[in-house]
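# Structural features, examined
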Amino acid sequence: MRLLGYEWRKLAQLPALWGVLALCLAFNCLLISSGDRWRWEWNETAAIIGGQGQRVDDGFLDGLRRRPQSEYRDYLLSAAEGMTDIYADYDLRPLVNYYTGYVKNSPGAIALMERKYDRLAGRIAHLSETGAAMDWYSGPVTQNIHQFLYSMLMRAVLTEGAVLGMLSMLFLLGYENQQRTAAGVYASRTGRRLCRWKVLAGITWALVVYLLLAAVTLGVFLLFWDWSGVWGGSVSSQFNYVIDMLVRRPFFTWADFTAGSYLMAVVGLGGLLTVVFALLAAVCGTLIQNVYLSALVLTLLLCGGAAAQALCAQVGLWIGYALLTFQPVSVWLYVNGWFTELGLNAFVPWQESMGTGLSLVICGVGTALALRRFGRKDVRT
């Protein structure tokens, strides 16, 4: 543990790291302020609906009618009175035909897509039984704010956490070479084992930085946006939907999520994905032992994977495309749709969770093998 503390201290005493962290938080505050055009509508909705609960039924409507009359209250009342259970008779076939039409040249991809939507049909029936569509969430402004929170804020937090985590890992693993102390430190068996503590320190530091970014960013966001009556509402409310490839579809989720539990799940999975990126940096940093070259190789790996996925889609190699949707970059890219069926960006249920878990195993094993190789190779300075 003492060695772990020494490695943490190296990072804690790095001014550039704290400077970048401060810039990230300032940027996130700017992002939050960019949503001010919706903030009044969100907070006004919360003030009018406050205490009404989430399920839109006769009691909800009666309570809304008793609110002081205003143009905006009438707008919300009209939206509430027009609500119906959209899942009761939802026709999934047009959605299936649309996405299978893209992969029509690949029987394997078609089979995966159809199997996924067969599973989704059961979820839609469940959503109808539970009345999820009749939850208010935050009414007509729901979709704008949900996408603002996850497409912009959470994507920014995850990106910042992953980048800072990878840079911190590369800094630790290249520190001895940068300070020209590698020959002395790594000459002994104990010195070689120091790399294990560096990797552990890098992983924990990356996770702490990500959680700090998420806590401060979400704390500032919730300071100005009233979510007090929203947490218990279903994210599969009919007011929440996804627009993907010009197709609008409800926010189907593979499990029952409230607004609160969904946010916790996204933050939690984001933490695991941050660890994946840190482990990937650990593999590169351990094998290469040069900060700049390691960073270049890591960048090429991440960008190359995304480019390969796009190329597979362009040339119609849909099985290759399906496999590449499990990679960490692809999982990161669709953070705003995690735990939903994700359209053409997923071929199995819970793909973002499976992709993250698979990446954890692969990168964990890769890191262990890289450390084992480093422990046996000659020291070079």
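Further up the page is the structure itself.
Residues numbered from 1 in each chain as written. Predicted model: local features only at pLDDT ≥ 70, side-chain atom pairs only at ≥ 80, totals over all residues. Heavy atoms only, no water.

### Points about the pairing of strand β1 (residues 241-244)
Pairing of β1 with strand β2 (residues 247-250), which is carried by 4 bridges, proceeds in the antiparallel orientation. Each residue of the ladder has a partner; that of Y241, found in β2, is P250. Linkage of β1 to β2, two consecutive antiparallel strands, is achieved through a turn of 2 residues, within which M245 is found at a positive phi near 55°. (Pairing = 2+ DSSP bridges. Helix = DSSP H or I, 4+ residues; strand = E, 2+ residues; numbered from the N terminus.)

### Observations regarding the environment of E114
Residue position: E114 is located in helix α7 (residues 107-130). For the pair E114 and F347, spaced 233 residues apart in sequence, the C-alpha separation works out to 8.9 Å. Among all residues touching E114, those that are not within four sequence positions of it are V96 and T100. (Contact = heavy atoms within 4.5 Å.)

### Comments concerning unusual backbone geometry
Its identity is not glycine, yet L342 carries a phi of approximately 65°, on the positive side. On the secondary structure map, L342 appears in the loop between α14 (328-333) and α15 (351-376). Phi is positive for W350, which is not a glycine, with a value near 55°. Note on placement: W350 falls in the loop between α14 and α15.

### Some words on the packing of helix α11 (residues 259-288) against helix α12 (residues 291-315)
The N-to-C vectors of α11 and α12 enclose an angle of 135°; their axes lie 9 Å apart at closest approach. Taken as axis vectors, α11 and α12 run oblique relative to one another. For the element pair α11 and α12, the recorded crossing hand is right-handed. Each of F277, L280, A281, C284, G285 and I288 in α11 lies in contact with α12, whose residues at this interface are L293, S294, V297, L298, L301 and L302. Split by residue class, the contact of α11 with α12 holds 10 nonpolar, 2 polar and no charged. (Axes fitted to C-alpha atoms, helices over the stretch in contact; angles between N-to-C directions. Parallel < 35°, antiparallel > 145°, perpendicular 65-115°, else oblique. Left-handed = near helix turned anticlockwise from the far one by under 90°. Nonpolar A, V, L, I, M, F, W, Y, C, P; charged D, E, K, R; others polar.)

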